[in-house]
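The chain contents come next:
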Number of protein chains: 2
Amino acid sequence: MIEIYADSRETRSGLLKTLSEMEGYSIKVGELPCGDYAISSDVCIERKSATDFVISIMDGRLMEQIAKMKIDYKRPILLIEGNPFKTRSAIKTEALVGAISWVNAIEDVTVLMVADEGESAKMIATMARHLQQGLGYEVPLRRNKPKASDLGSVYNLEGLPGVGPKTAQNLFNHFGSIFDVCMASVEELSQVPRLGKASAERIYNQIRHRKS
Amino acid sequence: MIEIYADSRETRSGLLKTLSEMEGYSIKVGELPCGDYAISSDVCIERKSATDFVISIMDGRLMEQIAKMKIDYKRPILLIEGNPFKTRSAIKTEALVGAISWVNAIEDVTVLMVADEGESAKMIATMARHLQQGLGYEVPLRRNKPKASDLGSVYNLEGLPGVGPKTAQNLFNHFGSIFDVCMASVEELSQVPRLGKASAERIYNQIRHRKS
DNA sequence: CTATGAGTGCCCTGA
DNA sequence: TCAGGGCACTCATAG
């Protein structure tokens, strides 16, 4: 059973009703210190309608709420319902962008936008499930692996830090095999075109990095 | 002067043009190992149009890109342009919500949504400014590179033939590092759970395979 | 992402 | 020890 904690102020919202009608979820209503929904010990969600969001920027409530959430939760999420750019209000686009950028870049808080209440419900439910039960299987990080050996080697090297398609090809050309790349010293790695000492070191470290 | 690094694939986009016309910004185009824009040593941005986003979910490119960004940068951002829920595509809403939730909840990557290219430009520019100049005082690029991670190693090993998420983890657990996997003989590789002689040989051959 | 199906190869059991 | 069926995991495809 997936548990979602909702703040009592949300009681009247249709969202809470939708959530409580879902199979496999248990909704607990109470007084949250901040935010509207808590879906794990690290994650809480502040849900705002587009107009509410705009207003909370102007009266400074947004900063306050975000700051508060960051104290109690490691990973707060701001969920905006509707398009704030489309609201008829005095606020300038720059201010809007500035606020979102601040929330995101400085405060490191995720900003999600959904169209309506229904999407909000689905989003909150799914995130709760993912956090509490995982996906139910492992996600394949890489797909469409090439079969030809040369391509396979290049593809494999793309897994190293700071190595994209171009550098992977360079590495392979220079060393001739994955094995030789693994044996290379930092100095030898630096010889490769487009690889500086910093990247070379990171690659070297990743290859030797031991399970923590 | 605020610096923004853009991947060369973005050259044709109107966004890059808009950015380069902005006062006080210096845009450098080059080959980024991953992501489309880098705005600090810790933060890079993968920008996707709504339809692109949907397509990249379906062909599995999204997971790969996110994973790669997480290896190279401390704080990757996924910037979605337009409303993915409104695209006419065969994908189910559940899958869409699932993807966003996965990026967010499981991968702990910030998701940002904007309406169009213009907003993207403003958002990227503003975030760059916030990160590089702070809101008032100086917080320039700290040069602390992301350290080698378990995830990076597992991701790398997943590039090998016949190796999916499960086996990659098993390999890493058994040998402790990419380096040790590369040094292993066919016999030693066979020791790993669920790896028989056939798979072990394929892996061994791929690692030693020389450029043809 | 979610769903489904086929294919490969490991592994366990039983003789 | 070896054959065979069950299973786990990879990989392709489709919405």
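Nothing here was measured: the structure is a model prediction, and the numbers come from that model.

Conventions used here
- Residues numbered from 1 in each chain as written.
- Chains lettered and ligands numbered in written order.
- Predicted model: local features only at pLDDT ≥ 70, side-chain atom pairs only at ≥ 80, totals over all residues.
- Heavy atoms only, no water.
- Helix = DSSP H or I, 4+ residues; strand = E, 2+ residues; numbered from the N terminus.
- Rg over C-alpha atoms; globule rule 2.2 N^0.38 Å.
- Buried < 20%, exposed > 50% of the residue type's maximum accessible area, 1.4 Å probe, protein only.
- Contact = heavy atoms within 4.5 Å.
- Lys, Arg positive; Asp, Glu negative; His and termini not counted.
- Charge placed at Lys NZ, Arg CZ, Asp CG, Glu CD.
- Near = heavy atom within 4 Å.
- Polar contact = N/O pair within 3.5 Å; in protein donor to acceptor, adjacent residues only side chain to side chain.
- Nonpolar A, V, L, I, M, F, W, Y, C, P; charged D, E, K, R; others polar.
- Core = buried A, V, L, I, M, F, W, Y, C linked by side-chain atoms within 4.5 Å.
- Buried area = accessible area lost by both parts, 1.4 Å probe.
- Salt bridge = Lys/Arg side-chain N within 4 Å of Asp/Glu carboxyl O.
- Axes fitted to C-alpha atoms, helices over the stretch in contact; angles between N-to-C directions.
- Parallel < 35°, antiparallel > 145°, perpendicular 65-115°, else oblique.
- UniProt positions renumbered as here; feature names shortened; annotations may be inferred.

(A) Molecular detail of the overall build of chain A. In terms of regular secondary structure, chain A is built from 10 helices and six strands. Here the C-alpha radius of gyration of chain A, 24 Å, is well above what a compact globule of 212 residues would show, namely 17 Å. A principal-axis box enclosing the C-alpha atoms of chain A has dimensions of 65 × 45 × 30 Å. Per-residue burial for chain A yields a buried fraction of 52% across its 212 residues. Restricting the contact set of chain A to residue pairs at least 6 apart, pairs at least 24 apart contribute 60%. Positive and negative charge centroids in chain A, built from 27 and 27 side chains respectively, lie 5 Å apart.

(B) Main features of the protein's contact with DNA strand D. Looking at DNA strand D, the residues that line it are Lys145 of chain A together with Met58, Ala90, Gly162, Val163, Gly164, Pro165, Lys166, Thr167 and Arg194 of chain B. In DNA strand D, atoms within 4 Å of the protein come from the sugar-phosphate backbone in 86% of cases. One of the side-chain nitrogen or oxygen atoms of Lys145 of chain A is found 2.9 Å away from a phosphate oxygen of DNA strand D. Within the backbone of Gly162 of chain B, a nitrogen or oxygen atom sits 3.0 Å from a phosphate oxygen of DNA strand D. Counting residues per element, the surface near DNA strand D draws most heavily on helix 7 (residues 165-175) of chain B, at three residues. Residues of the surface near DNA strand D, tallied by class, amount to four nonpolar, three polar and three charged.

(C) Just the nonpolar core, in detail. Membership of the largest hydrophobic core comes to 94 residues, with the highest contact counts inside it found for Tyr37 and Ile124 of chain A together with Tyr37, Ile39, Phe53, Leu62 and Ile124 of chain B. Apart from residues lying up to four places away in sequence, Leu62 of chain B is in contact with Lys48, Phe53, Ser56, Ile57, Leu78, Ala99 and Val103 of chain B. Formed by 40 residues, the second largest nonpolar core is a distinct cluster that contains Val154 and Phe175 of chain A together with Val154 and Phe179 of chain B.

(D) A look at helix 6 (residues 150-157) of chain B. Summarising burial for helix 6 of chain B: six of the eight residues are buried, a large majority. Among the residues making up helix 6 of chain B, those that are buried are Gly152, Ser153, Val154, Tyr155, Asn156 and Leu157 of chain B.

(E) Quick peek at the protein's contact with DNA strand C. DNA strand C sits among 20 residues. The nearest are Arg129 and Tyr137 of chain A together with Ile57, Ala95 and Gly196 of chain B. Backbone atoms, meaning sugar plus phosphate, form 69% of the atoms of DNA strand C positioned within 4 Å of the protein. Separating a phosphate oxygen of DNA strand C from a side-chain N or O atom of Tyr137 of chain A is a distance of 2.9 Å. A distance of 2.9 Å separates a phosphate oxygen of DNA strand C from a polar atom in the backbone of Arg194 of chain B. Contributing elements (two or more residues each) for the surface near DNA strand C: helix 5 (117-133) of chain A together with helix 2 (50-58), helix 4 (93-106) and helix 10 (197-208) of chain B.

(F) Structural view of unusual backbone geometry. All names here are of chain A. Residues other than glycine seldom take positive phi values, yet Asp108 does so here, at roughly 60°. By secondary structure assignment, the location of Asp108 is in the loop between helix 4 (93-106) and strand 6 (110-114). On the basis of relative accessibility, which here comes to 34%, the residue Asp108 falls in the partly exposed class.

(G) Representation of the interface of chain B and chain A in the model. The interface is formed by 75 residues belonging to chain B together with 73 residues belonging to chain A. Taken over both partners, the interface formed by chain B and chain A buries close to 6,500 Å², and the fraction arising from carbon and sulfur atoms is 57%. Three residues stand out in chain B for area buried against chain A, namely Met113, Phe179 and Lys211 of chain B, and they jointly supply 9% of the buried area on that side. Across the contact surface, chain B and chain A share five salt bridges.

(H) Quick look at the packing of helix 3 (residues 61-72) of chain B against helix 4 of chain B. Residues and elements named next belong to chain B. At a minimum axis distance of 11 Å, the contact between helix 3 and helix 4 shows a crossing angle of 10°. The angle between the axes of helix 3 and helix 4 places the two elements in the roughly parallel class. Each of Leu62, Met63 and Ile66 in helix 3 lies in contact with helix 4, whose residues at this interface are Ala99, Trp102 and Val103. Looking at the contact of helix 3 with helix 4, its residues break down into six nonpolar, no polar and no charged.

(I) Layout of the UniProt feature "domain: Helix-hairpin-helix DNA-binding motif class" (unreviewed entry) in chain A. All names here are of chain A. In the numbering used here, UniProt assigns the feature "domain: Helix-hairpin-helix DNA-binding motif class" (unreviewed entry) to residues 155-174 and 187-206. Helix makes up 65% of residues 155-174 and strand 0%, whereas the separation of the span's terminal C-alpha atoms amounts to 15 Å. With 70% helix and 0% strand, residues 187-206 has end C-alpha atoms that lie 15 Å from one another.

(J) Region of interest: the UniProt feature "domain: ERCC4" (unreviewed entry) in chain A. With numbering aligned to this structure, UniProt lists the feature "domain: ERCC4" (unreviewed entry) at residues 3-84 of chain A. As annotated, residues 3-84 of chain A has a helix share of 34% and a strand share of 33%, and its two end C-alpha atoms lie 30 Å apart.

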